[in-house]
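Breakdown of the fold
As a plain string of letters, each chain reads:
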Amino acid sequence: MYRYIIRRIIWSIPVLLLLTFTVFALMRIIPGGPFDFAGDKALPRAVTENLERRHHLDWPLLWQFTSYLLGDDVAGFICEGMPVIPGCDAVLQSYQLGVSRGLIRGDLGISMRQRGRSINEIVGESFPISLQLGILSMGLALIIGIPLGTLAALRQNTWLDYTSSFFAIIGLSIPNLVLGPLLIWIFALKLNWFPVSTWGAKPPFLLGFIPIPDLKFWAHATLPTIALGTALSASIARLTRASLLQVIREDYIRTARAKGLAENVVVVRHALKNSLIPVVTILGPLTIAVVTGSFVTEFIFGIPGMGKHFITSIGNRDYPLITGVTVVYATLLVVANLVVDILYAWLDPRIRYD
Amino acid sequence: MYPRYRIWLWFSLLALVTLVAGACVAPQTTAPPAEAPAQEAPAAPADEEIVLDTVFGTEPPTLDPALATDSQSIWSIRQMFVGLTGFDEQAQVVPSLATEWSASEDGLVWTYTMRDDVHWVRLNPDTGEFEDLGPVTAHDVEYGVKRTLDPNTASDYAYVLYIIQGAEEFNTADPNAENFEELRDAVGVRAIDDTTVEFTLTAPAGYFPSITGLWVTFPQPQEAIEANPDGWADAGSIVTNGPYTLAQWDHGAYIRLVKNPLWVDADNVQIEAIQGPIIESASTAMAMYEANEIDMMADPGWPPPLPDMDRIKADPELSQQLFIAPRLCTYYYGFVNTKPPFDNPLVRKAFAAAIDRKSLINNLTKGEERPAHSFAPPGVFGNVADDMSIGGWMVQDDYAAQLAQAQEWLAEAGYPEGAGINVTLMHNTSEAHAQIAQAIQAMWAEAFPQATVTIENQEWQVYLKTLVPDAPDEEKPEIYRLGWCADYPDQNNWVNEVFNSKSGQNYAKYNNPEFDAVVEQAARESDPAVRQELYKEAERLLIDQDTAISPIYYYTYVRLYKPWLTKVVISPVTGDPVAEWEIDWEAKKAARGQ
């Protein structure tokens, strides 16, 4: 198992590298650069050149990537040693102006649009908040989704099944863009129970992401958690139901019943555990998607999370920001998938990797 | 514990946490939290402080005057910093740090005399102490202008200072060049003494006092900047010289500005803090406004959302809070003058005339905008918005007559009923621009039944790349939409900086040497009456004779203010001077149930 984990971690390095390079290159291929315009006003070429030189955008792409990955000093060191390498003339001219210490040393770079701010700062401030919203929503989704799906499967084709299926379909079909404003309208504007928007916690957080769970925090967190968690709980309920229906028809369940085991033991210990395997499969990527991509919910509720950076950084052509948040997302995804694989082995002893 | 039971333990724990959460939330049902902002500032109790609650529409990319380019940043900067000149409610240049200024006879040397009682201040957000860092001097102005121009600062807006002698040479120099320091010294800005600063220009520019009201010319605190070059504009480090200063900036989340007690006119500043979260959704901001969580739907956040406008106008309370004021921006359709059939001025005139601007405003934009018939809007020095002899044919009361004239022009150009015309109208991706484009497409289809106008849209940065003058013509649309807003309220910023054939903003590729000569002469002229006449001629050439573009409407500010904002002074140029506003604090507290 350990060998498997280590092998997976080692394999993830080239995957992450390739992905980083792809995003890095793709962003630069899209027409329009971060410094071509101030608002809708085209900037004089000399001004643009000043800005581009500072961020090494005048270097060949591979050298830009080298600087991003390894740091300006390494790019400069290579070129000073071997100035004949193509592109080194540009590097030698301005590598000392730059500020990149390199991804390999944990530096995600400097934002091109938010002057004077590093991507590490931006991600460091927004990610814990997205994580809080994501964990709460996933928690809510699991608490509603698994029991609802289980009930629906065990009472198949009864009113309970139809009702839970109805709510699951409603939950799946109402997008956050509709549900969010609806919740605000009912619970904030009409009933005045909750604040309209914003997030009720700010750094420093315990362990980097756990907020003080006071009244203010919960008041602010309730509506966005419901908005985001409802659709997730619907997906989980549907999947749990389908999976459990399949499992309870398996031979070993019949055997368990034939042996005279109590029904709740059969369902909980034998059926439910196995039926959770497909649920767990989607849980990893789903959690990461929720944590990093809950843009709509964060947008509607004015939550300063990381989701918006995916969108705005593309429009702004803020190359380091979009590359940085993608690297963070990809790393989390790799870790989440690894955790899911480990959970598999625990859920189903037949699955072993070494 | 046997491992397989662990998952159930985790589920039980999760359920318990949620139950506790639910229990915590329950009391909320009886205690509306509307009055509490998400992040309270560390200062005195909020209810004892007169606070303007607002939202910020986006995270300001910077609060450094040398680097700001967007309206969010500039709005906040203008609350915290003052420059040599300012602008009043009529967009006229007024004294600010400078008490008076004069130009040499040849108009090349401008001398400003500054007041000596405005001080730099730094707030320690932890202790709440304001540190007096001494008076703002002419040396700070010189340093500020040179810092903005320094290529190492990499200011996007440095080019607006190119009228200053040596500015362009310094800004475009290689920082590694041997003569770099000489170039810095050669920039035509010089502190004669602590209260006198002198600018030497490359050409006499009658509009120069407007330039010294721009944020990029503001004095800058050298010591603070050199001590912390990248982070000096953050809370705790920032040194300011205006009525407010920065107390808190939780990036991406919350901003709070507080009154500067050392400000020369501090006794007359009633509002002690401006604060609010960063909310990127106009609809959410509107909900906060209706829940009395914020006091306005205006800069620095959002105007009321367009879909809410009908409801606002119909609502007896909200309609009373609606406020519409002129804004120095024009929405226009440009014609790429080098692309057939729009290389023919008659075709351009016909298309410009076949737009029912009043109907568009009444049915679509709904912000009481004013139909436009010239490029510069009212309020800009040298505008002809009230002179119907220029472009009046595109905003006639009788649209039927205007339409008949348009059809006649197109037939005269050789395209009766639009036969043989197959063109593209392009706009950047936005619901509002799409709706306007569709409406105008329908107007053109009705006016010229045989013409085909196809609408295309592109993402903003791609769109601008498509339009820049040096992009290939075959990739350009024949018609494009854009808007232009004043950096400073003078026609030089409009007709000259946009449609001079040498301008990088001249997306219409308009090229008329006579027009260039007129706008360049106006830029050098110092007699206001002569400049006025020259700009009238420029607009006549641009709109009447050549119709390089079709102005659609002059923008308005559409805003909502709570009734307890008792004195709201609007400045069309500077962002609104909150220091001059007042709040009926008791009324605000009462409305919030405090």
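Given the structure is predicted, the values throughout are model-derived calculations rather than measurements. (Residues numbered from 1 in each chain as written. Chains lettered and ligands numbered in written order. Predicted model: local features only at pLDDT ≥ 70, side-chain atom pairs only at ≥ 80, totals over all residues. Heavy atoms only, no water.)

1. Here we look at the interface of chain B and chain A
Heads up, the condition is: The contact definition used throughout considers only heavy atoms, calling two residues in contact when any of these lie within 4.5 Å. As used here, buried area is the combined drop in accessible area, with a 1.4 Å probe, of two parts when they are placed together. A pair is scored as a salt bridge if a Lys or Arg side-chain nitrogen falls within 4 Å of a carboxyl oxygen belonging to Asp or Glu. By the criterion applied in these results, polar contacts are pairs of N or O atoms within 3.5 Å in which, for protein atoms, one can donate a hydrogen and the other can accept it, and in which residues neighboring in sequence qualify only through two side-chain atoms. Comment: elements are numbered from the N terminus, with helices defined as DSSP H or I runs of at least four residues and strands as E runs of at least two. We call Asp, Glu, Lys and Arg charged. Ala, Val, Leu, Ile, Met, Phe, Trp, Tyr, Cys and Pro are nonpolar, and the rest, Gly among them, are polar.
Across the contact, 71 residues belong to chain B and 65 residues belong to chain A. Summing both partners gives a buried area of about 5700 Å² for chain B against chain A, and 61% of it is carried by carbon and sulfur. Applying the counting criterion to the chain B and chain A interface returns six salt bridges. A salt bridge links Lys202 of chain A to Asp250 of chain B; its shortest N-O distance comes to 3.5 Å. Where chain B meets chain A, there are 11 residue pairs in polar contact (both at pLDDT 80 or more). Contributing elements (two or more residues each) for the side of chain B that touches chain A: helix H1 (6-25), strand E11 (244-250), helix H8 (282-290), helix H15 (460-467) and strand E19 (479-485) of chain B. In terms of residues, the side of chain B that touches chain A owes the most to one element, H1 of chain B, which gives nine residues. Of the residues in the side of chain B that touches chain A, the class split is 38 nonpolar, 21 polar and 12 charged.

2. Regarding the environment of Ser173 of chain A
Within the secondary structure, Ser173 of chain A sits in helix H7 (residues 159-173). Linking Ser173 of chain A and Trp199 of chain A, residues 26 residues apart in sequence, is a C-alpha distance of 26 Å.

3. Overview of the sheet that holds strand E13 (residues 273-277) of chain B
Residue and element names in this part refer to chain B. Just so we agree on the cut-off: Two strands form a pair only when DSSP identifies at least two bridges running between them. Inter-axis angles, ranging from 0 to 180 degrees, are taken between N-to-C directions of lines fitted to C-alpha atoms, where helices are fitted over the stretch in contact.
Pairing within the open sheet is mixed, and its four strands lie in the order E1-E13-E12-E11. Both outer strands of the open sheet, strand E1 (51-53) and E11, are each paired with one neighbouring strand and no more. In this sheet, neighbouring strand axes are inclined to one another by 20 degrees on average, regardless of whether the strands run parallel or antiparallel. By the bridge criterion, three bridges tie E1 to E13 in an arrangement that is parallel. Pairing of Asp53 across the sheet is with Gln275, part of E13. Sitting on the sheet, helix H2 (residues 71-80) touches E11, strand E12 (254-259) and E13, and the angle it makes with E11 is about 135 degrees.

4. With respect to the domain arrangement of chain B
Residue and element names in this part refer to chain B. Going by this rule: Residue ranges for the domains trace back to a domain assignment, done automatically or taken from a database.
The domain architecture assigned to chain B consists of domain 1 (6-19 + 48-280 + 559-591) and domain 2 (333-556). For domain 1 versus domain 2, the separation of C-alpha centres amounts to 34 Å. Across the boundary between the two partners, domain 1 contributes 15 residues, which contact 12 residues of domain 2. Considering only the side of domain 1, the residues that lose the most area to domain 2 are Pro204, Gly206 and Tyr207, jointly responsible for 40% of the buried surface there. Our count for the contact surface shared by domain 1 and domain 2 stands at two residue pairs in polar contact (both at pLDDT 80 or more). In terms of residue class, the side of domain 1 that touches domain 2 is made up of 12 nonpolar, three polar and no charged.

5. Quick look at unusual backbone geometry
In this structure, Pro300 of chain B follows Asp299 of chain B across a cis peptide bond, with omega equal to 10 degrees. Mapped onto the elements of the fold, Pro300 of chain B is located in the loop between strand E14 (296-297) and helix H9 (309-314). With omega at 0 degrees, the peptide bond leading from Pro340 of chain B into Pro341 of chain B counts as cis. When you line up the elements, Pro341 of chain B lands in the loop between strand E15 (322-335) and helix H11 (345-353). With phi around 60 degrees, Asn192 of chain A is a residue other than glycine that occupies positive phi space. With respect to the helices and strands, Asn192 of chain A occurs in the loop between helix H8 (176-190) and helix H9 (215-247). Positive phi outside glycine occurs at Lys366 of chain B, with the angle close to 60 degrees.

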